[in-house]
Structure formats: C-alpha cells, structure tokens
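Here is how the chains run, residue by residue.
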Amino acid sequence: MVFSIAYHYLRDRSAAEEVAQDVFLQLHRSFDDFKPGPDRDAHLVHWLRKVASHRSIDATRKRRTQPATGLGVALDDAPPPSVPAESKDFLLQQRLETLIGSLPEKPRMVMVLRYQEDLMPEEIASLLDMPVRTVKSHLQRSLAMLREKIDRSMGEIR
Amino acid sequence: MKRILPVVLLLGLPLAAQEIKMPPGLDKLAAKASEVVDVNLDGALLQLASKFLSDKDADEAHVKQLVGGLKGIFVKSFEFDEANQYSQADIEEFRAQFRPPAWSRIVSARSKKNGENSEILLKTDNNQISGLVVIVTEPKELTIVNIIGNIRPEDLRDLGGKMGIPKIDVGGAVKQSDKKNNDKKEDEK
Amino acid sequence: MMDDFEKQIQQALQRKDPSPFFEARVLATVRRDAQARRARWRMWWASAVAASLLIVTGSAWQYQKIEHERIAGEQAKARLELALKITSVKLQKISHKVEQIEN
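What counts, and where the lines are drawn
Residues numbered from 1 in each chain as written. Chains lettered and ligands numbered in written order. Predicted model: local features only at pLDDT ≥ 70, side-chain atom pairs only at ≥ 80, totals over all residues. Helix = DSSP H or I, 4+ residues; strand = E, 2+ residues; numbered from the N terminus. Buried ≥ 20, exposed ≤ 12 C-beta atoms within 10 Å, placed from the backbone. pLDDT = per-residue confidence, 0-100. Pairing = 2+ DSSP bridges. Contact = placed C-beta atoms within 7 Å. Nonpolar A, V, L, I, M, F, W, Y, C, P; charged D, E, K, R; others polar. Core = buried A, V, L, I, M, F, W, Y, C linked by C-beta atoms within 7 Å. Axes fitted to C-alpha atoms, helices over the stretch in contact; angles between N-to-C directions.

## A look at the overall build of chain C
And step 1. The helix and strand tally for chain C stands at 3 helices and 0 strands.
And step 2. When the elements of chain C are put in sequence order from the N terminus, they spell out α-α-α.
And step 3. Each of the 103 residues in chain C was classed as buried or not, and the buried ones make up 22%.

## Here we look at the confidence of the model for chain C
Residue and element names in this part refer to chain C.
And step 1. With 85% of its residues at a pLDDT of 70 or more, chain C has an overall mean of 81.
And step 2. Taken element by element, chain C is modelled with least confidence in helix α2 (residues 22-57), mean pLDDT 75, and with most confidence in helix α1 (residues 4-12), mean pLDDT 89.
And step 3. Scored as a whole, the predicted complex attains pTM 0.47, and scored at its interfaces, ipTM 0.78.

## Observations concerning the pairing of strand β2 (residues 72-79) of chain B
Across a regular strand the side chains alternate sides, sitting on one face of the sheet and then on the other.
Residues and elements named next belong to chain B.
And step 1. Of all the 8 residues making up β2, 6 are buried; the element is thus mostly covered by neighbouring parts of the structure.
And step 2. Pairing analysis gives 8 bridges linking strand β1 (residues 35-42) to β2, with the strands arranged antiparallel. Residue pairing across strands places Leu41 opposite Ile73, the latter belonging to β2.

## Describing the interface of chain B and chain C
And step 1. Listed as interface residues are 40 residues of chain B and, on the opposing side, 31 residues of chain C.
And step 2. It is helix α3 (residues 43-51) of chain B that provides the largest number of residues to the side of chain B that touches chain C, a total of 5 residues.
And step 3. Of the residues contributing to the side of chain B that touches chain C, the split by class is 28 nonpolar, 10 polar and 2 charged.

## Observations regarding the nonpolar core
And step 1. In this structure, Leu41(B), Leu46(B), Ile73(B), Val134(B), Leu80(C) and Ala83(C) are the most contacted members of the largest nonpolar core, which totals 42 residues.
And step 2. The element contributing the most residues to this core is helix α3 (residues 60-102) of chain C, with 8 residues.
And step 3. In this structure, Ala83(C) is in contact with Val39(B), Leu41(B), Ile73(B) and Val75(B), ignoring residues within four places of it in sequence.

## Overview of the pairing of strand β5 (residues 128-138) of chain B
All names here are of chain B.
And step 1. Here strand β4 (residues 116-125) runs beside β5; their pairing, made up of 9 bridges, is antiparallel. Pairing of Glu119 across the sheet is with Ile135, part of β5.
And step 2. The hairpin formed by β4 and β5 contains 2 residues between the paired strands, and Asn126 there has a positive phi angle of roughly 50°.
And step 3. As defined by bridge partners, β5 adjoins strand β6 (residues 141-148) across 8 bridges and the pair is classed as antiparallel. Its bridge partner lying in β6, Leu132 is registered against Ile147.

## A look at the sheet that holds strand β3 (residues 103-111) of chain B
All names here are of chain B.
And step 1. Overall, antiparallel pairing links the 6 strands, which are arranged β1-β2-β6-β5-β4-β3 in an open sheet. Edge positions in the sheet fall to β1 and β3, since each has one partner strand and no second. Each strand axis lies, on average, 5° off the axis of its neighbour in the sheet, ignoring direction.
And step 2. In terms of strand pairing, β2 meets β6 through 8 bridges, oriented antiparallel. Residue Phe74 lies in a different strand from β6, and its bridge partner there is Asn146.
And step 3. Set on the sheet, α3 makes contact with β1 and β2; between it and β1 the angle comes to about 90°.

What follows is the structure, encoded as structure tokens:
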C-alpha cells in the first residue's frame, strides 16, 4: 500500500522505495504512540496513508530542485511481459498511468487515493488536510481532463 | 588465519568478501600507472566518515543512509599511459574468487570496438545482498570496486548528479554538475 | 457507483509491489536506526561526562584529541566521496552500455 501510493504518485520505483522506507522508519520510531485497542489497526492504516501521501508530495518538490536522474525506463518499470501489447485495455491503462502522473501535485494524489485506495472524498480530505469540496473539485476536473485526453489520443474507448 | 584458510578451501566455501585477494600482478600495478586511486574504508572508517555527513543536507543524508550498514568500501583504479600494462591472467585470477552459489554475475558487457569489459557481481546471503564487486577493464585503465554489505548497484549509479558526482548521459558526456560543485568553484575563484 | 472509465483508472492504479529485497532493506534500516539511537544516547552521555571532565581538569590534550578526530573524519569523508564517485560513474557507464545492447 505505502510503496504503491508512492509509486503511482512518483512514477519512479527507486524513489518510491525510498519514500516507503522513510515511512516505515518513521512508523518504527512512532510506534509507541499508537495506543493498543480495537481501533489501532485503522489508526495505523490512516497514519500510513497520510505519511506516505505527504512524503511522496515532498519527494516531488525535492526532485524539482535536483537534476533528473532518469537513465531511461528501468527494466523493472517496464510493463509485465505477460500482458499482450496489442490489448486495447492495456494501452489505455498505460496511457492513464502516464496522464495521472502528469497531473499537478494535489489532484494527482487525490486520484491515487480515490482509485488505488478506494477512499471516499471525506477520507481523502482528512488525509491531505484539505476541504472536502476541494477534493471533489480535483476529482471532477481530473476525470474530465483524462476523458478528454484519452478520447483525443485513443478514439472511442468507453 | 593460516590454519583457518585451508579449512575454508577444503569445505569449498567462497572466501568472505573481506578476504578478497589482489593477485600479486595486480598489486604491483601502482608502479606502472600514471594515475592511481586506492581507497580502503573498513567498517570503522566508514562509520567515522558517516559521522561527518550532514543530516541537514539532503544528498549527504541520503549517502549516510546508503553507507550506514556497509562494512567496507575498497576501490582500486589504475590509469596507464600505454595499453596492455596489466595481464588478463591476473584479472582472471582475481575474478575466480567470485563463484556461485554465493556470487552471481548480474552484468557482463563486452565491447570489441574499444576493448572494454565491464562486470557487476553480487554476493547474496539469505536473499539479501551482502557484497558487490565491479570490475571494469579497458586498454589503458583498470578499476576494481569491492563493497561489503547491503547495497544495490542502482543506488550507487543514481548518485550521479549529487554531491559532486558527475552524471553521465547516454552519449558518455558529463551532464550539469550539481550545486555543491558550483559552490566549490565559486570558493576557488 | 463507478463508471467503466473510472474502473479503467482503478485498473491502471492497481497496487504494485516493491522489489524483492525491499523488506530486508527496510528491516536492516530500522535495526540500524535503533542501534544508532542507542549509540547516540550513549555518545550524548559520554560527551556529557567528557565535557564535565574537561571543565574539571582543564586539559588541552582532550581538545587536541577531538581536533585529531575531526581531521581524521573529514579525511575519511573525502575518501568515501571519491570512492562513491568512481563507483557511480562506472555503474552509470555500464548501465548505458546495457541499455544500448538491449535496444
């Protein structure tokens, strides 16, 4: 979950592992703050999503001030070989991943939390410390943009 | 040590990474080389160096984390004015220390055009990397890197562009230097 | 209810797993961190004791020792940076070569 949030946000496996490692290290340091009880697991998951989201956004900001380190697509970021390349769905999903990765910071994280983690706008608002109406607005605009770009680049998909 | 070594050999176990030996031929190359780099950082020196890496500087903090668990970094690099100053037999003798199952060669790239051979070897214990060796042989240059501990080659590769480490692009050109290099150049003026 | 397009987005953003050694690396980092925190506490305590002794004895010898360690540390750091520079440059070149071969 933690790695995946960072990966879909950063689109960089190595950077995502670094973020995930930082999150788990922080968890280790703060673990005693989570009081035992029936709600502890839920609190932990909420905390992990929150820290992963914020650290991922921070990582993007840090990368903007540093030279790009990409040496082209690393082999482990390549699509899994078992999916046929000519599959329309596969191409669409690849395109969607790329387009979502190009969204601005906050809308991008909103999309990742909504569609990867299946969270409702209220939960997303709590994680990202933003008003619910802002989350809904980001979702609406991002979806509209994605539909338009997909329609343009791939023809009728839906 | 003299009594232990034959036992290790009888058991057929590969030598521990820190016992990697430089064949006599390679050890004497410094006398023939025009440029020599010989860095030997054991666990204690690595810890000492780490203490002087700043937590506040993002790059230094990253390097600190990278080298934190390492037990040693050893680099030998020789540059020669003329080609063929070292023997391939010496390289083979050195390479022979890294045998399966403990060691695996994950990259082997050869170029007939410029006579350059590059290898990356990894040692694993219980599915965890415990050693890394890089061997690069060129007609006028020989580089051997031996790192003991858990580190991924891509983590070292991706240091390019940070902390004064050049970033090499696909064509072999050096990309922009980082802030640290620029600051240093300003100080030198 | 999600429409088909949103379901495609869900597919595109399916959870991905980290690399095989990730868990081991995290555990190693956590262990190192715990050890470092214990060592920092011990070092803090040792420094506090040393500082008290320095005040009590007024020994310039101890200051020299700290200064020697600082010089040795800076030298070790410089050697580390050199080692990492050589290694990173070689690995970058090897990585490019592999990409060229595979393309």
